[in-house]
Amino acid sequence: MTSIILLSVFGILNLFLGFLRSNKVLLPGAMLLLLAVFGANFADWNVAHAPYFNHMLVVDNYTVAFTGIVLLTTILLLPFSRSYVVSGEPNLAEYYALLLFSLVGAIMMIGYDHLLMLFVGIEILSISMYVLAGSSKRDSRSNEAALKYFLMGAFATGILLFGIALLYGATGTFALSQLGAAVANPANASLQPMLYIGILMMIIGIGFKVSAAPFHFWTPDVYEGTPTFFTAFMSTVVKTAGFAAFLKLLAVALPAAQGFWMPTIQAMCALTLLLGNVGAAAQTNTKRMLAYSSVSHAGYLLIGLVASKGILTGDAASGIFFYSLAYSIATVAAFGVLKLVAEHRQEDRYSGLNGLGKTNPLLAFVMTVAMLSLAGIPLTGGFFGKFFLLAAAVGQGYIGLVVFAVIMSMVGLYYYLRPIIAMYMQPAPEGATPVPVDGIQTVTLVVLALLTILLGIAPGFMSGIL
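Worth saying up front: this structure is predicted, and the values here are computed from it rather than measured. (Residues numbered from 1 in each chain as written. Predicted model: local features only at pLDDT ≥ 70, side-chain atom pairs only at ≥ 80, totals over all residues. Heavy atoms only, no water.)

**Describing the overall build of the chain**
Okay, step 1: From N to C terminus, the chain includes 20 helices and two strands.
Okay, step 2: A compact globule built from 466 residues should have a C-alpha radius of gyration of about 23 Å, and the chain, at 21 Å, falls within 12% of that.
Okay, step 3: Taken along its principal axes, the extent of the C-alpha atoms in the chain is 75 × 55 × 40 Å.
Okay, step 4: Sequence-distant contacts in the chain: of pairs separated by 6 or more residues, those separated by 24 or more amount to 80%. (Helix = DSSP H or I, 4+ residues; strand = E, 2+ residues; numbered from the N terminus. Rg over C-alpha atoms; globule rule 2.2 N^0.38 Å. Contact = heavy atoms within 4.5 Å.)

Here it is, written out as structure tokens:
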């Protein structure tokens, strides 16, 4: 709750900083504010299920843990907005304010205990992202991305809201705990058709937000057209909040309906893994590859939902937390390097990375660590993220799904190695100069690489947090 209040206040204050007509204070100001919120968030650790807004929102360790991921991700991402400061971007204060407001929506999605609070959180997050997707107003691709995201997101929101209405019609409540009891009540058996349609619509709505197949079709075009800085935010914070909300919905409100939603989630998982990995392997544009990569990682997180079997704690829930953390750190590193290189070389295809190992060894090293982590190679956080989820699935008897996921991971090796090959085995473009990287970006890149390696060497200190 403290995080929501601080972010809302800081978002408004950040708008007033825009009147200074100087971008120099905006970046350090935003980072200091987020660091303060990050510390305040963990002050709520071990608070015993504190309810707010008439039990519409709760603060517990689950909320604090996933909120910590989205806040840390944003803090590590902000230094890569440095180009906006240098270029004198006139709307930078508004961009930062929208990011802060979108974090409010993300935290509402994580801590909701009432379906209306889930809807409000999704809308606050989504509306901010619709605007940021089209923030490059003179770029037709950015305009197209914003329009596609808005139109498709509006349809998905409508479907989600219809699903919420049907769940209310079947159970008479929006509260998650009461929903769980009502779904399990044999007296409501006659209302199961309405309940099942409502569950299916909610799965569709949230599936769109986390870019799970077959509701992922917007992802490559929107990610490619959106400015890279905001694409990274979309790929990490939005996905983490979406899966935290998804897990809570299935584990608190709908465990008694597991027989209905489990086959649906399993089918979505297999399809997401297939389309995400095969789609990524076919790309020549690094940004589109990372977009399809984001889809494939949604598939691995769906394995966690399957393995959770409607339980909010345990190995599967801890695996989802750890995977979200490792994935977010590696993705920020990958998009950060891509943004710096694309701005300097004006190229976001694989060829834009050619020779980076010689011109910028640090950027090449960080990109390599990120790619290896996303591929799930040992001694990186991504390896243990996949290991924990697959181990939880094996423990629940989903052997076939795990075997399929391992095969898809092997496909992933192909497209994650392509940037590494370009950086170290291809010559740099003629006349190529080193990509400029300032001090705060250098420190951030080193921190991202170290965190990824640390999670791969000593995963135990974070794996059992839930």
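After that view of the structure, there is still more to cover.
**Examining the nonpolar core**
Okay, step 1: With 164 residues, the main nonpolar core has L115 and I265 as its most contacted residues.
Okay, step 2: The leading source of residues in this core is helix α14 (residues 315–345), at 19 residues.
Okay, step 3: If we skip the residues at most four places from it in the chain, L115 touches I164, L167, F174, L176, L179, M202 and L249. (Core = buried A, V, L, I, M, F, W, Y, C linked by side-chain atoms within 4.5 Å. Buried < 20%, exposed > 50% of the residue type's maximum accessible area, 1.4 Å probe, protein only.)

**A word on the side chain of T236**
Okay, step 1: The residue T236 is located in helix α11 (residues 228–253) in this model.
Okay, step 2: Other than its neighbours up to four places away in sequence, T236 contacts T73, S328, T331 and V332.

**A word on the packing of aromatic side chains**
Okay, step 1: One pass over the full model with this rule turns up 24 aromatic pairs.
Okay, step 2: Ring geometry for F229 and F230: centres 5.1 Å apart, planes at 70°, overall edge-to-face.
Okay, step 3: Residue classification places F229 among the buried residues on the basis of a relative accessible area of 3%.
Okay, step 4: Arranged with centres 6.3 Å apart and planes meeting at 80°, the rings of F384 and F387 form a pair that is edge-to-face. Of this pair, F384 and F387 are both found in helix α17 (residues 381–395), three residues apart, which corresponds to roughly one turn of the helix.
Okay, step 5: According to the relative accessible area criterion, F387 is partly exposed, its value standing at 44%.
Okay, step 6: The structure contains a cluster of three or more aromatic residues connected by ring pairs, namely Y130, Y149, F150, F208, W218 and Y223.
Okay, step 7: Its end group placed over the ring of Y112, K248 keeps NZ or CZ at 5.7 Å from the ring centre.
Okay, step 8: Between the NZ or CZ atom of K386 and the centre of the ring of Y300, over which it lies, the distance is 4.5 Å. (Phe/Tyr/Trp six-rings, centres within 6.5 Å; stacked < 30°, edge-to-face > 60°. Lys NZ or Arg CZ within 6 Å of the ring centre and 35° of its normal.)

**So, the UniProt feature "domain: NADH:quinone oxidoreductase/Mrp antiporter transmembrane" (unreviewed entry) in the chain**
Okay, step 1: Per the UniProt entry, the sites bearing "domain: NADH:quinone oxidoreductase/Mrp antiporter transmembrane" (unreviewed entry) are residues 114–410 in this numbering.
Okay, step 2: Taken end to end, residues 114–410 has its terminal C-alpha atoms 40 Å apart, with 79% of it in helix and 0% in strand. (UniProt positions renumbered as here; feature names shortened; annotations may be inferred.)

**Remarks on the pattern of salt bridges**
Okay, step 1: A full pass over the atoms with the stated rule returns seven salt bridges.
Okay, step 2: Of the charged contacts in the structure, one is a salt bridge between K148 and D221, with a shortest N-O distance of 2.8 Å. Of this pair, K148 sits in helix α7 (residues 140–171) while D221 sits in helix α10 (residues 219–225), placing them 73 residues apart in sequence.
Okay, step 3: The class for D221 is partly exposed, based on a relative accessible area of 31%.
Okay, step 4: Notably, a salt bridge pairs R288 with D221, separated by 3.0 Å at the nearest N-O pair. Of this pair, R288 sits in helix α13 (residues 286–308) while D221 sits in helix α10, and the two are 67 residues apart along the sequence.
Okay, step 5: Taking relative accessible area as the criterion, R288 reaches 18% and is therefore assigned buried. (Salt bridge = Lys/Arg side-chain N within 4 Å of Asp/Glu carboxyl O.)

**Details of helix α2 (residues 26–42)**
Okay, step 1: For α2, spanning 17 residues, the distance from its first C-alpha to its last is 25 Å, which sits close to the expected 24 Å at 1.5 Å a residue.
Okay, step 2: Residues of α2 that are buried: L26, L27, G29, A30, M31, L33, L34, V37, A40 and N41.
Okay, step 3: Contacts from the buried residues of α2 go to α1 (2–17), α3 (61–77), α4 (82–86), α5 (92–111) and α19 (439–457). (Expected span 1.5 Å × (residues − 1).)

**Examining the environment of L92**
Okay, step 1: The topology assignment puts L92 in helix α5.
Okay, step 2: For L92 and G18, which are 74 residues apart along the polypeptide, the C-alpha to C-alpha distance reads 7.6 Å.
Okay, step 3: Apart from residues no more than four positions distant in its own chain, L92 is found in contact with N23, L26, Y84 and V85.

**Topic: the environment of Y292**
Okay, step 1: Its location among the elements puts Y292 in helix α13.
Okay, step 2: You can call Y292 buried: its relative accessible area is 16%.
Okay, step 3: For the pair Y292 and P220, spaced 72 residues apart in the sequence, the C-alpha separation amounts to 6.4 Å.

**Here's the deal with the side chain of S235**
Okay, step 1: Turning to its location among the elements, S235 is positioned in helix α11.
Okay, step 2: Judged by its relative accessible area of 0%, S235 falls in the buried class.
Okay, step 3: Looking at S235, its side chain comes within polar contact range of the side chain of Y327, at 2.8 Å.
Okay, step 4: Once residues lying within four places of it in the same chain are set aside, the contact partners of S235 are Y223, S294, Y327, T331 and F335. (Polar contact = N/O pair within 3.5 Å; in protein donor to acceptor, adjacent residues only side chain to side chain.)

**Quick notes on unusual backbone geometry**
Okay, step 1: In this structure, P214 follows A213 across a cis peptide bond, with omega equal to 5°.
Okay, step 2: Summarising the element assignment, P214 is placed in the loop between α9 (192–209) and α10.
Okay, step 3: At H55, a residue that is not glycine, the phi angle is positive and equals roughly 65°.
Okay, step 4: The phi torsion at L379 lies on the positive side, around 70°, for a residue other than glycine.

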